[in-house]
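Analysis of the macromolecular model
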Amino acid sequence: MKPRLGLVGLGNIGGAMCRHLLKAGYEVTVYDVSPEAISRLENTSAEPVEELKILAARADVVLLSLPNSDIVEGVVLGEGGLVESFSAGKVLIDTSSSRPSSTRRIAGTLAKMGVEMLDAPVSGGVLRAREGKLAVMVGGERPVYERCRGILQAFGERIFYVGGHGAGHLVKSLNNLLSAITLASAAEAAILAGKSGIPLDVFIDVINASNGRSYSTEVKFPRYILDRSFDDGFSLGLMNKDLGIALDAAAEQELPMPIGSAVSRIWNSAAARGFAEKDHTAIYAFLEDLLRELPVLEENSQRSEDG
Ligand code: NAD
């Protein structure tokens, strides 16, 4: 018998995840605060409910795909939250990119009721979510992971068990730190190439045949930046949140992370200057403006004098 599932959060990732869970034969009860997000699943057998506690009572396993830890905490522990109808033996799987310290706190509270928790954030973006080919990184008790692996396989192609509660969320934030670094640094290099008269598509072709390539240059530039559509489906605000999570984790370990901190400042100022709701690939447009405004850094001029 397949467990009955609940899914809270039907946005860019949760909506695609839901379709793959249904395709794999699961019964899925769904909840979202946005009627529009629910209506996108109207042509499926997903069953919407009006209250979280109905979902928590009906489902054996509840998955979350929510923007951030404050919202996750509200949905799980807040008034009218899942906790009000959870009972021993149920499992909560948080696939959102959340804060490890918050995840550990929620797992601790649920454990007292006999409810298990896994953090199982995903990577691959909307493209791979639609294909059911996400990478999934799982934290929590290994036996719970073994029990829930089948559910994760409905939308995940490669699934990794990485450690205790919060470990999946930590690894996810570090993945996005790397992704943010490659995207911002490739944008900076491309802006210089363009300013020097090299056509951008040629520049990106060269990099993709060379050692400077990355997922950012191989997928994001050709699909979302060269045509200036900036529509990968992952907001800049969410990327900025993930960088904060990674740097807070570094601070907890007293590790300075100078490269991550420098790049994070760029994303943070983009978010603060009206780019939070835009797609994260619009960091390219933000950098175009920023580099026009910034005086040439002293360090750069010194390097050119040094030859
Ligand atoms: P999204 O904003 O498209 O979707 C979030 C959904 O949560 C929305 O439908 C929203 O209405 C709903 N929601 C917000 N508050 C709620 C509440 N209190 N109760 C119920 N529903 C609520 O976000 P997304 O891009 O789908 O991302 C979801 C999570 O997955 C985030 O943590 C994000 O960082 C992570 N993620 C996103 C991507 C991506 O490419 N978009 C990739 C990997 C991971």
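Residues numbered from 1 in each chain as written. Predicted model: local features only at pLDDT ≥ 70, side-chain atom pairs only at ≥ 80, totals over all residues. Heavy atoms only, no water.

1. Some words on the pairing of strand β8 (residues 134-139)
Counting buried positions over the six residues of β8 gives six, a clear majority of the element. Side chains Leu134, Val136 and Val138 project from β8 onto one buried face, and the interleaved Ala135, Met137 and Gly139 project onto a second face that is buried too. In the sheet, strand β7 (residues 122-123) pairs with β8 via two bridges, with the strands oriented antiparallel. Residue valine 122 lies in a different strand from β8, and its bridge partner there is valine 136. (Buried < 20%, exposed > 50% of the residue type's maximum accessible area, 1.4 Å probe, protein only. Helix = DSSP H or I, 4+ residues; strand = E, 2+ residues; numbered from the N terminus. Pairing = 2+ DSSP bridges.)

2. Concerning the site of the ligand
Contacts to the ligand come from 26 residues, most closely from Asn12, Ile13, Asp32, Leu66 and Lys241. A distance of 2.8 Å separates an oxygen atom of the ligand from a polar atom in the backbone of leucine 66. When the free accessible area of the ligand is taken as 830 Å², the share hidden by the protein chains comes to 85%. Those elements that place two or more of their residues in the shell around the ligand are α1 (12-23), α4 (69-77), α6 (125-131) and α11 (236-252). Of the residues belonging to the shell around the ligand, the class tally is 14 nonpolar, nine polar and three charged. (Near = heavy atom within 4 Å. Polar contact = N/O pair within 3.5 Å; in protein donor to acceptor, adjacent residues only side chain to side chain. Areas by Shrake-Rupley, 256 points an atom, 1.4 Å probe, with all protein chains shown as cover. Nonpolar A, V, L, I, M, F, W, Y, C, P; charged D, E, K, R; others polar.)

3. Considering the nonpolar core
If you look at the biggest cluster of nonpolar residues, it comprises 33 residues, and the most contacted ones within it are Leu21, Val28, Ile93, Leu152 and Phe155. Residue assignment for this core shows that the elements contributing at least two residues are β1 (5-8), α1, β2 (28-31), β4 (61-64), β5 (91-94), β8 and α7 (142-153). When neighbours within four sequence positions are excluded, valine 28 is seen to be in contact with Leu5, Leu7, Cys18, Leu21, Leu22, Ser45, Ala46 and Glu47. With 32 residues, the next largest nonpolar core counts Leu177, Phe203, Ala270 and Leu287 among its residues. (Core = buried A, V, L, I, M, F, W, Y, C linked by side-chain atoms within 4.5 Å. Contact = heavy atoms within 4.5 Å.)

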